[in-house]
Amino acid sequence: MQTKARMNVYFEPDLLKKVEALALRRNVSKSAVIEAAVASFLSADASERLEAVFARRMDKLGRQVDGLDEDLAILGETLSLFIRFWLTVTPPLPDSAQASARAKGSERFDGFLQSLGRRLATGDRFLKDLSRDIDSRRNGADELE
């Protein structure tokens, strides 16, 4: 029979409650719970599992960042094309029309902000809609071939 050495340790009250609750659920002693936790922490398998968890999480985060990069590139290109188009086709206004144009622009901008607020509140996103439109067009083109 192997003898065990006694060790006194200190725990935060919340952590100790969790240890006690687990010991009750598993019908084992608190010492057994703590011994298993320390053994798991020190085992090579535990570090390999932890490393694998981190690697999966990092891969997921990397894919999310790649998606954000693509979304930002689409957004930047869309905005720049819109601004170029708008500057190209919008004729200058005579001085007599400036005040009414400002009032109409303010009214339209308020409408834009309300529409944007609704879309953000519902989770609808332009890039999601754009992706669905592109996918449906690709699928339609594939069916025509």
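**Describing the overall build of the protein**
Then, number 1: Per the secondary structure count, the protein includes 5 helices and 0 strands.
Then, number 2: When the elements of the protein are put in sequence order from the N terminus, they spell out α-α-α-α-α.
Then, number 3: Relative to the 2.2 N^0.38 estimate, which gives 15 Å for 145 residues, the radius of gyration of the protein is 31 Å and therefore markedly larger than a compact globule would have.
Then, number 4: Overall size of the protein, expressed as C-alpha extent along the three principal axes, is 100 × 50 × 25 Å.
Then, number 5: By residue count, 3% of the 145 residues in the protein fall in the buried class.
Then, number 6: Total accessible area computed for the protein in this model is approximately 13,400 Å², and 60% of it derives from carbon and sulfur atoms.
Then, number 7: Positive and negative charge centroids in the protein, built from 23 and 23 side chains respectively, lie 8 Å apart.

**Concerning the pattern of salt bridges**
Then, number 1: Evaluated as defined, the whole model comprises 3 salt bridges.
Then, number 2: In this structure, Lys 30 engages Glu 20 in a salt bridge whose closest nitrogen and oxygen atoms are separated by 3.6 Å. Note that Lys 30 is positioned in helix H2 (residues 30–42) and Glu 20 in helix H1 (residues 13–26), a separation of 10 residues in sequence.
Then, number 3: Its salt-bridge partner being Lys 104, residue Glu 107 comes within 3.4 Å of it at the nearest N-O pair. In this pair, Glu 107 and Lys 104 both sit in helix H4 (residues 98–122), 3 residues apart, roughly one turn of the helix.

**Quick word on unusual backbone geometry**
Phi is mostly negative for residues that are not glycine, and the peptide bonds are mostly trans.
Then, number 1: Although it is not a glycine, Asn 27 sits at a positive phi angle of roughly 60°.
Then, number 2: When you line up the elements, Asn 27 lands in the loop between H1 and H2.

**Observations concerning a nonpolar patch on the surface**
Then, number 1: Taken together, Met 7, Val 9, Phe 11, Leu 15 and Leu 16 make up a surface patch of nonpolar side chains, about 450 Å² in accessible area.
Then, number 2: On the secondary structure map, Phe 11 appears in the segment before H1.
Then, number 3: Take Phe 11: its relative accessible area is 32%, and that puts it in the partly exposed class.

**Let's talk about a negative patch on the surface**
Then, number 1: Judged by side-chain charge, Asp 66, Asp 69, Glu 70 and Asp 71 come together as a negatively charged surface patch.
Then, number 2: Within the secondary structure, Asp 66 is located in helix H3 (residues 44–89).

**What about the confidence of the model for the protein?**
Then, number 1: For the protein, the average pLDDT comes to 86, and 94% of its residues sit at 70 or higher.
Then, number 2: When pLDDT is averaged over each helix and strand of the protein, the minimum, 70, is found for helix H5 (residues 126–144) and the maximum, 93, for H1.

What counts, and at which threshold
- Every chain begins its residue count from 1, and numbering advances along the sequence as written.
- Local features are withheld for residues below a pLDDT of 70 in this predicted model, meaning they are given only at 70 or higher, and side-chain atom pairs are given and counted only at 80 or more; totals for whole chains, interfaces and linings count all residues.
- Processing note: side-chain calculations cover all non-hydrogen atoms of the structure and skip hydrogens and water entirely.
- Comment: elements are numbered from the N terminus, with helices defined as DSSP H or I runs of at least four residues and strands as E runs of at least two.
- With C-alpha atoms as the basis for the radius of gyration, the globule rule is written as 2.2 Å multiplied by the number of residues raised to the power 0.38.
- The cut-offs for exposure are 20% and 50% of the maximum accessible area for each residue type, with area from a 1.4 Å probe on protein chains only; residues under the lower value are buried, those over the upper are exposed, and the others partly exposed.
- Working definition of accessibility: Shrake-Rupley area with a 1.4 Å probe, residue cover restricted to the visible protein chains.
- Lys and Arg are tallied as positive, Asp and Glu as negative. Neither His nor the chain termini are counted.
- Charged groups are reduced to one reference atom each: NZ for lysine, CZ for arginine, CG for aspartic acid, CD for glutamic acid.
- Whenever Lys or Arg places a side-chain nitrogen within 4 Å of a carboxyl oxygen from Asp or Glu, that contact is recorded as a salt bridge.
- Patch construction takes residues with relative accessible area above 30% that form no salt bridge. Like charges are linked within 9 Å, and nonpolar side chains (Val, Leu, Ile, Met, Phe, Trp, Tyr) are linked within 5 Å.
- Across the chain, each position has a pLDDT score giving the predictor's confidence in that residue, from 0 to 100.

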